[in-house]
Amino acid sequence: MELAAIVGAAGAAGIAVVASVGWRRAVSAAHRSSQRADRAEATRREQQVAADEERRVRDLILSTMHDGILLIGRDAEVVFANAAVARHLSPAPTSLDGVLPLALRTAIQGSRDRAESASVLVETGVPTRWLRGTITPTADDATLVVVQDVTQERQLESVRRDFVANASHELKTPAASIQAAAETIRTAASEDPSVIPRFAAQLEREAARLSRIVSDLLDLSRLESGSALDESVALDAIVRDEGERFEEPAAEAGVGLSVRADGIPRVRGSSRDLALLVRNLVDNAIRYTRPGGHVDVDLTSDDGEVVLAIVDTGLGIPSRDLPRIFERFYRVDRARSRETGGTGLGLSIVKHVAENHGGRVEVTSELGQGTRFEVRLPASA
Ligand code: ADP
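Residues numbered from 1 in each chain as written. Predicted model: local features only at pLDDT ≥ 70, side-chain atom pairs only at ≥ 80, totals over all residues.

A few words now on the sheet that holds strand S11 (residues 360-366). Pairing within the open sheet is mixed, and its five strands lie in the order S7-S9-S10-S12-S11. Among the strands making up the open sheet, the edge pair consists of strand S7 (256-261) and S11. Going from strand to strand, the sheet's axes swing by 10° on average, the running direction of each strand aside. Where S7 and strand S9 (residues 294-302) come together, six bridges link them in parallel fashion. Paired with Ser 258 across the strands is Asp 296, a residue of S9. Together, S7, S9 and strand S10 (305-312) form the strand contacts of helix H6 (residues 235-245), whose direction differs from that of S7 by roughly 165°. (Pairing = 2+ DSSP bridges. Helix = DSSP H or I, 4+ residues; strand = E, 2+ residues; numbered from the N terminus. Axes fitted to C-alpha atoms, helices over the stretch in contact; angles between N-to-C directions. Contact = placed C-beta atoms within 7 Å.)

Bringing the sheet that holds strand S5 (residues 143-149) into the picture now. One open sheet accounts for five strands, arranged S2-S1-S5-S4-S3; its pairing is antiparallel. Of all strands in the sheet, those with a lone pairing partner are strand S2 (78-81) and strand S3 (118-124), marking the two edges. Going across the sheet, the axis of each strand differs from the next one's by a mean of 20°, ignoring polarity. Strand direction decides the pairing type here: strand S1 (residues 68-72) and S2, joined by three bridges, are antiparallel. Directly across from Ile 72, in S2, lies its bridge partner Val 78.

What follows is about the site of the ligand. In the vicinity of the ligand there are 22 residues, among which Arg 331, Val 332, Ser 337, Gly 342 and Gly 346 approach most closely. Those elements giving two or more residues to the shell around the ligand turn out to be helix H8 (271-287) and helix H10 (346-356). Grouping the amino acids of the shell around the ligand by side-chain chemistry returns nine nonpolar, 10 polar and three charged. (Near = placed C-beta within 6 Å. Nonpolar A, V, L, I, M, F, W, Y, C, P; charged D, E, K, R; others polar.)

Examined at the domain level, the protein breaks down into domain 1 (1-64), domain 2 (65-149), domain 3 (152-225) and domain 4 (228-381). On a C-alpha basis, the centres of domain 2 and domain 4 stand 51 Å from each other. (Domains from an automatic or database assignment.)

Listed below in structure tokens is the structure:
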């Protein structure tokens, strides 16, 4: 081979080698770049899945929340509203102008104008509901509004307030009587000792009343945190004992009392609280029955339940008062209740004991004819 040919062949081979190396590099670069693209795509997909999951969890939380969450954008349009918004603010607004009640809209507008957080309590609808709006401006000129229905909270607060006011009033009356009687006794000691026994008796009566109110209040507050259901209680024995305890007061009141309670299944619960229940119902039946009337106490069992019926031929309860007689301090005839030593707490105690034992209490009454209280408790297996 001629030199030129040799050189030419060698050159061509060299080019071929270089070309082959270049091609391989290009292939591997393309491969790497495709791997990078695959990785980027996988990362993108993972991020998408994570974002979807995050959104799903967020939507789930927001849609199951009791509080309404409302996001109002810069242009006063509703950007987001969870399901609770439609429940609290009906109809669900699509813009700030559609927010009702008006007091809430005004508060939101004010908070946007001043770029300040605000909280507002508004009364709305029939029956009345109370809504609390907590308004927070965001960095991008939007406004986040959290709407809570605080009706139940307000009702509990008002029940608590009424209870404190009633309890204070109930305690103040005998306390004032005691003070008056004590002062009279002090002056009578030097001026007219003959009146002392009368005022001493008043002192004794009012002190007993004070102590009954305090004792009922203590029972009630204990029962509000439940009854200890750790005994197998023979309710028939309790009913018979309580019947005996009331024989004398019934006779004094001229009221006939009969008790039937034999061979009844046991009840799981607290004997102390169940005795309180029986005592309050029998005591009421005697106190609200005129001389010559009758009280029947009957304990039976019926389909897995123990049934205590206390029936009197007494004054009866007007039908408009029936739904309220289990409320604390509610009395139909205030004067009669006081005269006969009532505290207005007895039926509230009865209801708590029945419910603490998984039972219920019902009442039927006819004015001037008499009343029937029925307590049903589950019999223990
Ligand atoms: P009180 O201490 O005043 O008797 P309760 O809570 O035991 O309070 O009863 C509430 C009210 O229900 C009573 O004031 C009375 O007006 C009415 N009441 C309860 N039991 C009877 C009954 N057997 N007959 C008629 N009225 C009753």
